[in-house]
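Summary of the model geometry
Spelled out, the chains give:
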Amino acid sequence: MTDSPVLATRALTKVFTTGDRTLCVLNGITLSVQKGEFLTIMGPSGCGKSTLLHLLSGLERPTSGDIMIDGQSIIGLSRRRMTLLRRAKIGFIFQFFNLLPNLTVRENIALPLLIGGERPESRRAHLDALMEWVGITDRMEHFPHQLSGGEMQRVSIARALANTPAIVLADEPTGNVGTHVGEEIMRLLRACADDRGQTILLVTHNAKDAARGDRVLFLNDGVIASNYVLTGPEVNERRIFACLQELGI
Amino acid sequence: MNAVFLLAFRNLASRKTRTLLTTLGIAVGVATAVAVFVLDYNTLITLKIKEITAYGTPDLEVSTAAGDPASFAADLARLRSKSYVQRVTPLFFGTLSILRPDGSEAIAVAGLEQDASGWFGGYHVSAGHDLPDSGGHVIILTERVSARLGIGIGDSVRFAERPDLAFRVIGLIPVWLLGQRNNGNVGIIPFWDGWRAFRSQAVSPFYWVKLNGTATVDAIRADLGPDHTVTLPPHVLAGETGDKKVMRDGVRVSGLLTLVLGLYLVFNSLSMALAERIREVGLMQAVGTTDRQIAAVFLVEACVMAVVGAAVGLIGGLVLTRLLMLFGFSSLGTGTRVWMFRLPRERLVQVVVLGVSAAMGGAVYPLLKARRLSVVEALKQRGLRLEIVLSRRLYALLVAALLIALPAGYMAAASALRIPWRQGLPLVVQTALLFAAFLSLIFLAPSLTGRLIRAISWPIKRLIRCEGFLVERTLSRSTARIAASLGILTFVFAALVGLKHMTMSLRLQSQRWVDPAVGGKLFVSSRLLSPAEYARLTAVPGVRAVVPMSHTIPAPFLIRGLPADGLRYGLFSRSPDLLRRFTSTPALLISSQLAHARGLKTGDRLTLSTNGGPMTFTILAVTDEYGYFIDERFFGVMNLATMTQAFRVETSAANQFVIVLDERADENRVKNELIAWYGGSFELSIITGGQKRAWVIGGVTSDFRIFDFILAMTCLLAGIGVTNALVIGALERRREFGLLQALGVTPAQLGRIVILEGTVVGLVGGVLGSGMGIPLARIIVDGLALVSQLDLTFTLSPRWLVMSVVAATAISTAAGLYPALKAVRVDVAESLQYE
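Parameters and conventions
Residues numbered from 1 in each chain as written. Chains lettered and ligands numbered in written order. Predicted model: local features only at pLDDT ≥ 70, side-chain atom pairs only at ≥ 80, totals over all residues. Helix = DSSP H or I, 4+ residues; strand = E, 2+ residues; numbered from the N terminus. Buried ≥ 20, exposed ≤ 12 C-beta atoms within 10 Å, placed from the backbone. Contact = placed C-beta atoms within 7 Å. Rg over C-alpha atoms; globule rule 2.2 N^0.38 Å. Axes fitted to C-alpha atoms, helices over the stretch in contact; angles between N-to-C directions. Parallel < 35°, antiparallel > 145°, perpendicular 65-115°, else oblique. Left-handed = near helix turned anticlockwise from the far one by under 90°. Nonpolar A, V, L, I, M, F, W, Y, C, P; charged D, E, K, R; others polar. Pairing = 2+ DSSP bridges. Expected span 1.5 Å × (residues − 1). Bend = angle between axes of the 7 residues up to and from the residue. Core = buried A, V, L, I, M, F, W, Y, C linked by C-beta atoms within 7 Å. Arc of directions from axis to C-beta.

1. Regarding the overall build of chain B
Secondary structure assignment for chain B yields 33 helices and 20 strands. For chain B, the spread of C-alpha atoms along the principal axes amounts to about 110 × 60 × 45 Å. Every one of the 835 residues in chain B was classed for burial, and the buried ones make up 47%. For chain B, long-range pairs separated by at least 24 residues make up 83% of all intrachain contacts whose partners lie at least 6 apart in sequence.

2. Description of the overall build of chain A
Of the regular secondary structure elements, chain A holds eight helices and eleven strands. On C-alpha atoms alone, chain A measures out to a radius of gyration of 18 Å, which is about the 18 Å that the 2.2 N^0.38 rule sets for 249 residues. The principal-axis extents of the C-alpha atoms in chain A amount to approximately 45 × 45 × 40 Å. For chain A, with 249 residues in total, the buried portion stands at 48%. Sequence separation of 24 or more characterises 69% of the internal contacts of chain A that already satisfy a separation of 6 or more.

3. Some remarks on the interface of chain B and chain A
You'll often see interface size given as the accessible area lost when the parts meet. Taken together, the contact pairs 23 residues of chain B with 24 residues of chain A. Elements with a minimum of two residues in the side of chain B that touches chain A: helix H19 (465–477), helix H29 (734–742), helix H30 (747–788) and helix H33 (828–833) of chain B. At six residues, the largest contribution of residues to the side of chain B that touches chain A is made by H19 of chain B.

4. A word on the packing of helix H28 (residues 705–732) of chain B against helix H31 (residues 798–815) of chain B
Packed helix pairs are specified by the crossing angle of their axes together with the interaxial distance, meaning the distance between the axes. Residues and elements named next belong to chain B. H31 packs onto H28 with a crossing angle of 45° between their chain directions and a minimal axis gap of 8 Å. Between H28 and H31, the angle is such that the two are oblique. In the packing of H28 onto H31, the handedness of the crossing is right-handed. Taken together, the residues of H31 that come into contact with H28 (itself represented by Cys715, Ala718, Gly719, Val722, Thr723 and Leu726) are Ala807, Ile811, Ser812, Ala814 and Ala815. The class makeup of the residues in the contact of H28 with H31 is eight nonpolar, three polar and no charged.

5. A short note on the sheet that holds strand S4 (residues 64–69) of chain A
Residue and element names in this part refer to chain A. Here four strands make up an open sheet; going across it, the order is S2-S1-S4-S5 and the pairing antiparallel. Strands at the two margins of the open sheet, each flanked by one partner only, are strand S2 (21–34) and strand S5 (72–73). Across five bridges, strand S1 (residues 5–18) lies against S4 in antiparallel orientation. Within the sheet, the bridge partner assigned to Arg10 lies in S4 and is Asp66.

6. Examining the sheet that holds strand S13 (residues 552–553) of chain B
Each strand in a sheet pairs with its neighbour through backbone hydrogen bonds, running either in the same direction (parallel) or in the opposite one (antiparallel). Residue and element names in this part refer to chain B. Taken together, the six strands give an open sheet; going across it, the order is S13-S14-S18-S15-S17-S16, and neighbouring strands pair in mixed fashion. Both outer strands of the open sheet, S13 and strand S16 (605–610), are each paired with one neighbouring strand and no more. Running over the sheet, helix H23 (residues 576–584) touches strand S15 (587–590), strand S17 (613–622) and strand S18 (635–639) and is turned about 165° from S17. Seen against the sheet, helix H25 (residues 640–647) touches S13, strand S14 (558–562), S16, S17 and S18 and runs at an angle of roughly 90° to S18.

7. Some points on the packing of helix H20 (residues 479–518) of chain B against H28 of chain B
All names here are of chain B. Their axes nearest at 9 Å, the elements H20 and H28 cross at an angle of 165°. In terms of orientation, H20 and H28 fall into the roughly antiparallel class. Like other packed secondary-structure pairs, H20 and H28 cross with a definite hand, here left-handed. Contacts between H20 and H28 involve Arg481, Ile482, Ala484, Ser485, Ile488, Leu489, Val492, Ala495, Leu496 and Leu499 on the former and, on the latter, Phe707, Leu711, Thr714, Cys715, Ala718, Gly721, Val722, Ala725 and Gly729. Across the contact of H20 with H28, the residue classes tally to 14 nonpolar, four polar and one charged.

8. Structural notes on helix H27 (residues 689–703) of chain B
Since the α-helix turns once every 3.6 residues, residues separated by three or four places project in the same direction. All names here are of chain B. Between the first and last C-alpha of H27 there are 20 Å, a value that for 15 residues agrees with the 21 Å anticipated at 1.5 Å per step. By the largest-angle criterion, Ile697 marks the main kink of H27, which is about 30°. Those residues of H27 not exposed but buried are Gly689, Lys692 and Val700. Those residues of H27 hidden inside the fold are in contact with H20, strand S11 (521–529), helix H26 (667–678) and strand S20 (685–688).

9. A short note on the pairing of strand S19 (residues 654–661) of chain B
Residue and element names in this part refer to chain B. Where burial is concerned, most of S19 is hidden: eight out of the eight residues are buried. Pairing analysis gives six bridges linking S11 to S19, with the strands arranged antiparallel. Each residue of the ladder has a partner; that of Phe523, found in S19, is Val658. When strand S12 (residues 543–548) meets S19, the two strands line up antiparallel, connected through five bridges. Among the inter-strand pairings, Pro548 is bridged to a residue of S19, identified as Phe657.

10. Observations regarding the nonpolar core
Formed by 217 residues in total, the largest nonpolar core has its most connected members in Ala158, Ile200 and Leu201 of chain A together with Val30 and Val764 of chain B. Take this core: its biggest share by element is 19 residues, from H30 of chain B. Once you skip the residues sitting within four places of it in the chain, Val30 of chain B turns out to touch Leu259, Gly262, Gly309, Ala310, Gly313, Leu314, Gly317, Val351, Val352 and Gly355 of chain B. Of all hydrophobic cores here, the second largest spans 94 residues; its members include Phe198, Val540, Phe657 and Phe682 of chain B.

11. Observations concerning unusual backbone geometry
Leave glycine aside and you will find that most residues have negative phi; peptide bonds, for their part, are mostly trans. The backbone of Phe97 of chain A sits at a positive phi, close to 65°, despite the residue not being glycine. Checked against the element boundaries, Phe97 of chain A lands in the loop between strand S6 (90–93) and helix H3 (105–115). The exposure class assigned to Phe97 of chain A is buried, which follows from the 23 C-beta atoms found within 10 Å. Even without being glycine, Asn182 of chain B reaches a positive phi, approximately 50°. Within the secondary structure layout, Asn182 of chain B lies in helix H6 (residues 181–184).

12. A closer look at the environment of Asn102 of chain A
With respect to the element layout, Asn102 of chain A can be found in the loop between S6 and H3. Note on Asn102 of chain A: 19 C-beta atoms within 10 Å, which makes it partly exposed. Not counting residues within four places of it along the chain, the set of residues in contact with Asn102 of chain A comprises Arg473, Thr474, Arg477 and Ser478 of chain B.

13. As for the pairing of strand S6 (residues 156–159) of chain B
Of the two faces of S6 of chain B, only the one carrying Val157 and Phe159 of chain B is buried; Ser156 and Arg158 of chain B on the other face are not. Linking S6 of chain B to strand S7 (residues 162–173) of chain B, which pair antiparallel, is a turn of two residues.

14. Quick look at helix H4 (residues 124–134) of chain A
Residues and elements named next belong to chain A. If you check which residues of H4 are buried, you get Leu130, Met131 and Val134. Take H4 and look down its axis: the buried residues cluster within an arc of 95°, on one side only. Within H4, the exposed residues directed more than 90 degrees away from the buried face are Arg124 and Ala125. For H4, the secondary structure elements touched by its buried residues are H3, helix H5 (149–161) and helix H6 (179–196).

15. Quick look at the environment of Ile26 of chain B
All names here are of chain B. Turning to its location among the elements, Ile26 is positioned in helix H2 (residues 16–52). With 285 residues separating them along the chain, Ile26 and Ala311 place their C-alpha atoms 9.5 Å apart. Excluding anything up to four places from it in sequence, Ile26 contacts Gly262, Val266, Met305, Ala306, Gly309, Ala310, Gly313, Gly355 and Ala359.

16. Concerning the environment of Ile67 of chain A
Residue and element names in this part refer to chain A. With respect to the helices and strands, Ile67 occurs in strand S4. With 55 residues separating them along the chain, Ile67 and Leu12 place their C-alpha atoms 7.6 Å apart. Each residue touching Ile67, except ones within four places of it in the same chain, is listed here: Thr9, Leu12, Leu55, Leu56, Pro62, Ser73, Ile74 and Ile75.

Function cannot be inferred from these measures alone, as they are strictly geometric.
This is the structure we're talking about:
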């Protein structure tokens, strides 16, 4: 890890307005994530975890505050510039996999390269290595509907890594798979940070998964509970569970 | 509000685009069918009124073998005693020359009884008196003859044919009904006295009959026996015979097919909608909604769209009809000006009911499929796969039904209409096979369609890698989603290719015969002119010969008697020996069309029944250089002297002529000279060969203009269909679009992907349409040649094949614009948030 944050926010606020009702989902979130760090964000349903990920990736715009990726503010970027930035620097892993049903495993994984204008054939070795790394080489010509949930999530991880993004955002990646598969997925994410130097931002409900991170933040009522930031040896299942209880999550 | 209605209306309102496009699909289909049927109905009325106002309104015409007044009177009495006869009146037509101090003036004469006016509407007296019951030597003249010759009521006229008899003028009629004949130069005399006085000038007398009850023509023919000929009068036959009937049937069937296309679009739209909403169905079941209630929700939705669509279609169809009439369209092309606007209520109700019920049916079928799914299945699946809703079994059944029903239906219809079916059956079977093959390719062989999509997408993929790749993969691997769009485009553009090749073959065929038939000639109509009068036309500079065209016999085909001295041009000028044989032996020339239709050739011999018994004629040549005057293409030409002798044709006057020009004469200059010299006194109306040629060639295009309108409507439907499919696809694929954007696809790229999907669908549809259009065009040309007996040849036009692909691609690409906009507007975060 280095001192320069790859991702940082300052006083980030998101307010949703429906008619005359307003709902403040995030209220002044300030955080900074170092390169290669594995940051876990926990919180109750509806606390704004996913909204935070959407804001960090530029899928939604904040009501106020600032977001810096690699030192560059993304506030004010056009939709196109934001998309290009996301394409280059951010990988996504979703709870529901979100694989394209008409593409094979290999094609789904190669998709970010293709979107970026690269010829997937020219990165064959890279793609093969990725598939081997996530353990789905033998399924590469299969379609998503022919895969199990675990296999789909492996494909999703491989796809998120295809562009070698600086940041990987994982939104409850084990939420839709069994315990054993979930552990395997978390092992892969951990390896992303350790072996590939990628920054991982994990959103989860699962204390065991959260314990894989370098740092754990708890989001409650739209703010980060400042007294409950776990780092280093504090990041363990027991401590996380205790925090959750104390926060009434 | 009842829950069913609440859900149905909420669904309609929340899916505005789909609701609008589906309703529009029904509306366009219904509007086209309404426009076609209303236009056809009014075309027919216009034609009938045109015939009635030039003739009268008998239900039947009966001619008899009785040749003298006594036996004719007995025959008339017998006819009057028939129970199916309400009224009958005898009549004859002929030509007489009114004696003038400076010569004579030929007029058309009708021998009538008073009933011909009152009961049959053949004429109306505008001044003076009608014919007396007692007959006598009296005459009613048209106002034109009266004014031109200065003969008024109370004056007497004498005829060159019987100068001993004086006919007192008792009344005048306008140039209307029978008064229109011979450019309005008509006299009406009492039937019996007229016939006795002018038996040799009277063309065979016959009867006009008004019928009682519902006796059929066949029954009447059987009752009257072989001594009588029973025919339908022109106003009954108007638009109901020969090529006019074929044309009208073609237009009506095309209109109906457009409606079917619109309804298929609705069926497909509702099926796709259900596939998209299957989770909603599962949820409704889970919260206790019964199958019947769910069905009711979907049926109410379909019903609302169908009723609104049909109502809009009905009004739109009527507006379209008025517009088509305004631009000179009729169901017989643009040659007939329709000026009536009446509504065929029964047919309109049928179209609307068909539209509404088929749309409802379109909702029922996918519902039946959905009912087989369990609640859990429905809730688990993100969408009922289209392959399940639009099952292959349905299309397999359709293909099988087509293969059996089309030939069987044709044979049944042909038998019912007493049309020989053997000749047409191979074409019908070919049509069934062709449609079955393409239906199978599109709906039953997704892997083949997929390969075609991949092949066609290849250059796009090379050009725009990311978008091309995604489009190719999406389309080639989900052919069920685009099958309906492909089907609509394929059939619409196959029809376009077929129709354009048909008109092209007609145009080529016209070009072959029209030059010798009309080149270097003027076509002249006039009042009846005596030979001495029309001979004066040759004095005009540039006129080589004046050939009277009025002398004809109708059987066994139209034969025109032409004076040999007027035929010293063309073939006869090149072969004087042929002219000698034409004048000295029983001989015929026949038109190329007649030769083709009857399989006749030079040297063949034909035996015709003449007044002197059977006589054998030799066909000297097949040529279009002699005998063509108006639309008739199937005719023979005989020496007028031979005709007069063998058939006792009356040749004292003529009112139609072909003027043959000197080789270097300018047709317009000669025309102007003729008008200047004789236009007023002879009442000349002249069409030049150049005008005639332009009309014949242009007529091929204008005759089929109505099909262009129908094709335009089907193209519109195809556009709506593709848009609808892409919009429903865009709704269903919100998550995919969101994901692509999350992965870095820019809005412009996403828009291009959706538009390119439309483009590729259009390209594939256009290629399939062209591919199907070639054999279809061949079948259409062969079919038309069979029906019309025209010598048509199929010539492939790469231009129309390319045009078809380009048009399909353009329509489909345009159809992708709105869905692309919807795709770009997808809220990425929201679309990815939920399962």
